[in-house]
Every structure is written in C-alpha cells, then in structure tokens.
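As a plain string of letters, each chain reads:
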Amino acid sequence: RNIMVENEKAFLNTQSELSMKGAGYYSKKTIGAKIAIDSLQHLIIDALNNISKSKNLRFADFGSADGGTSQELWYNVISVMRERGDHRPIEIIYTDLASNDFSTLFKTMQGMGENVDLAYQKEFENVFVHGCGTGFHDQLVTSGTLSLGFSATAMHYVSEKPCQILNHVHMVGASDIERSKFKKQALVDWEAILSARAKELEPGGRFICINFGIDENGRYLGNTGGKSMFESFNRHWKGHLDSGIITEEEFISATFPQHYRTVEEFSQPFVGNDCLANKIGLKLNRIFTKLTKCPYRQEYENNKATITPEEFAKEFIPTTRSWSETVFRSALKNRTFEETNQIVESFYKNYENEVANSPSEHSMDYVHIVMEIERI
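This one's a predicted model, so the numbers in the text were calculated from it and none came from an experiment.

S.K.: Would you explain the pairing of strand β4 (residues 146–152) in this entry?
M.R.: For a regular strand, side-chain orientation follows a simple rule: the groups alternate between the two sheet faces. Counting buried residues in β4 gives seven out of seven residues, a clear majority hidden from the surface. When strand β1 (residues 57–62) meets β4, the two strands line up parallel, connected through four bridges. Its bridge partner lying in β4, Asp61 is registered against Phe150. Between β4 and its parallel partner strand β5 (residues 201–214), the chain crosses via helix α8 (residues 176–200), and the hand of that crossover is right-handed.

S.K.: What should I look at first to understand the side chain of Gln71 in this one?
M.R.: Within the fold, Gln71 resides in helix α5 (residues 68–83). Judged by its relative accessible area of 1%, Gln71 is buried. Setting aside residues no more than four positions away along its own chain, Gln71 makes contact with Thr108, Met109, Asn115, Leu118, Ala119 and Tyr120.

S.K.: Would you mind going over the nonpolar core with me for this structure?
M.R.: Generally speaking, a soluble globular protein has its nonpolar side chains buried in company with each other. In this structure, Phe230, Phe233, Trp237, Tyr260 and Phe328 are the most contacted members of the largest nonpolar core, which totals 44 residues. Those elements giving two or more residues to this core turn out to be β5, α9 (229–242), α10 (248–253), α13 (295–302), α14 (309–331) and α15 (337–357). Among the elements that line this core, the one with the most residues is α14, at eight residues. Beyond its immediate chain neighbours, meaning those up to four positions away, Phe230 contacts His168, Val169, His170, Val172, Tyr220, Leu221, Phe256, Gln258, Tyr260 and Trp323. Leu43, Leu57, Tyr75 and Ile78 belong to the second largest nonpolar core, which has 34 residues in total.

S.K.: Got a minute to help me understand the confidence of the model for the protein in this structure?
M.R.: A low pLDDT score tells you not to read the predicted coordinates there in detail. Of the residues in the protein, 92% reach a pLDDT of 70 or more, and the chain-wide mean stands at 91. The low-confidence segment residues 19–28, where pLDDT is below 50, has 33 contacts with residues more than four positions distant or belonging to other chains.

S.K.: Just checking my understanding: could you explain a negative patch on the surface for this structure?
M.R.: Taken together, the side chains of Glu299, Glu310, Glu311 and Glu315 make up a negatively charged region of the molecular surface. The dominant element in the negative patch, judged by the number of residues it contributes, is α14, at three residues. Take Glu310: it is sitting in helix α14. A relative accessible area of 45% places Glu310 in the partly exposed class.

Criteria and cut-off values
Residues numbered from 1 in each chain as written. Predicted model: local features only at pLDDT ≥ 70, side-chain atom pairs only at ≥ 80, totals over all residues. Heavy atoms only, no water. Buried < 20%, exposed > 50% of the residue type's maximum accessible area, 1.4 Å probe, protein only. Helix = DSSP H or I, 4+ residues; strand = E, 2+ residues; numbered from the N terminus. Pairing = 2+ DSSP bridges. Right-handed = clockwise from strand over helix to strand, strands pointing away. Contact = heavy atoms within 4.5 Å. Core = buried A, V, L, I, M, F, W, Y, C linked by side-chain atoms within 4.5 Å. pLDDT = per-residue confidence, 0-100. Patch = residues over 30% accessible without salt bridge, like charges linked within 9 Å, V, L, I, M, F, W, Y side chains within 5 Å. Areas by Shrake-Rupley, 256 points an atom, 1.4 Å probe, with all protein chains shown as cover. Salt bridge = Lys/Arg side-chain N within 4 Å of Asp/Glu carboxyl O. Lys, Arg positive; Asp, Glu negative; His and termini not counted. Charge placed at Lys NZ, Arg CZ, Asp CG, Glu CD.

Below, the structure is given as structure tokens:
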C-alpha cells in the first residue's frame, strides 16, 4: 500500500509540473501561441477537403489547456464548413491531463467567459464538445473514428522525466549525458503518440501538430537572439540557491519535463522502408519550421514612446509564467503555501527586473515544427 501511495504522489507531482496555470490565465497570457495557431488555419481547411465523407465528424484537440488559444481556429473552421453547406454533426474532444482546468474550458465554449462571439458551441448547430482527462501519449478515442486530430505547443512534454538535470532547469542547457536521456525518452514518447493517433484516425484522416522544437538555425522558444529565456530562468533559480532561499534539491527538482525535438527527430519514425510509420499506416505529408515573433516585444518596439521598459517587463513576464510557474512551484516540496508564494514571486520579480533593465535583449519568440500526418 505504501508503494501505491508513493506512486500516486509521484503521478500527482508530474501532473502538477505539466499543468498550465488555470482560471483562464494561460490563454490570456499566451497571445503568441494563439497567433501561431491561427496562422495555420489553412492546413486544417486543406485537410477537411481530403478527409472522408462519413456521416459524422470527430475532431480532437490534444493538449488543449483551457481551450482559449485554439478557440478562434475551431470557430473559423466550423464556420467555413457551414458556409460550404456541410452540416454534418461535429464532435470536438478536448484532451489534457486530469489536472487541467476543464471547468474554464467548458464555460468558454458555452459563451460564459470572454470572447463570447467565438463560442461556437452556441453559434452553430450540431456541434458537440467533450473533454478527456487523459494524456495524449495514450489512445483516447475509439479506433478508426477520428477524422482530424490537432495539437499545438503541447507534445514537447515527455511522459516522464528520464533524469533530473543537475546544473540547469531545461534540456537545452543539460549535459550531453542528460540530454541524450531526454532525447531517448522523447523518441519513445513520439512513437507512442504516433501509434495512438494511427489507431484513432480513420483512413484518410489527418493529424496536424505544431510543436515546439529546435529549427535548422538552432533557435528554440525564447532563444532567437538576445538573452535566452531558459538561461534567465536558470540564472535566477540558481541565484535563489546561492542566496540560500532554496535548497539544492529544490534547484534540481525544477527540471522541466520537456524535450525540444529537431526536424530530424520528428521525422525519424517516417524514414526507411521498415520505419514505424509504414508499420502502423501513417504518412508524413509535410514538415516545416515556423518562427512567430513575440507579440509583447513587438508591441514594445512599436510603441517605445508610450511604453516604458518597466511596463514592457510587467507584460512580458506573465507570458513566460503561464506555463513555467507550475514547474518551480512543484519543486518547492515541504514548504508552506506562504513560503512557496514568496519564493515564486521573488523569482519572477528578479526576472522582471532583468527585462526592465535591458528590454531590447528579451523576447519569447515561438519556434515551431509543423507537421501534417495522414492515416493511409
């Protein structure tokens, strides 16, 4: 029984590290993700031209968080379909971990939050929204019933950390040995993801994903010139360690359960006659990298006469905080709620001060690897 309890604790800790900040905070503070998603609407529309003419359509949004960043995409997709005279029933399944803020998601889709005009569940007939509280590494819907799968900025999360990173918070700054362990785990996870989608998709169905990764120029999220975001995270977390604010164990525990794959890594299961994709019936139709500039930095650069560096910093830090805070909070074990809040707030305040002192050095540009995968 003790082993079961410990396993449950480890599972809950992992869930909390993977979770986005709730109550709608994530969508409000991740405008860049929404811009990247909206820019790829044409891929969804193109896919719809080729999927089956079955009586019912089933779509899935894997790793959806609170659903806000993709809400306009789905609204526009459904609108295009209805304008074309396609009135087939549409089921949209939002998937994420059990710790996800599904309450906000369902309220948003029913027009009970902001962006009421995009509440497609109320706007269009024959549209049905459901949630699934299981991670996307597993099969989530009945075999052969998924018409279209979509995932954005989610599948860089590994199902489990293969190790703790001793001298950094992220695999981009890990040692060669640590990084190789993350790469190996990420390949296992990617193959599991593809195998699950292959089972779910109907013949001719599409899986379109836009994942964080490392592009051909070595760029990745928050590392496209100027100061690297993950180096800033590491520097300020290490500063807390050096000041005695956190322990060495707490420093090491703030290892992000993420791996940024390259195009080559994403493509590996599709290469060769004996590759996994051929065995499970998948085909990679296209893959390319995409850079989306940080909207907060662009807003600052365009309005320096009216936006101070301090104001820019206050707007910028929340977009980094919306998805990273749970990692640092989860690292602070055996702390009171007040202690945890104080440490986390001081950590992000130090980062905010750094940004305010050199605003032109900071941005969180998005670097994505985009794929369209077909079930053959």
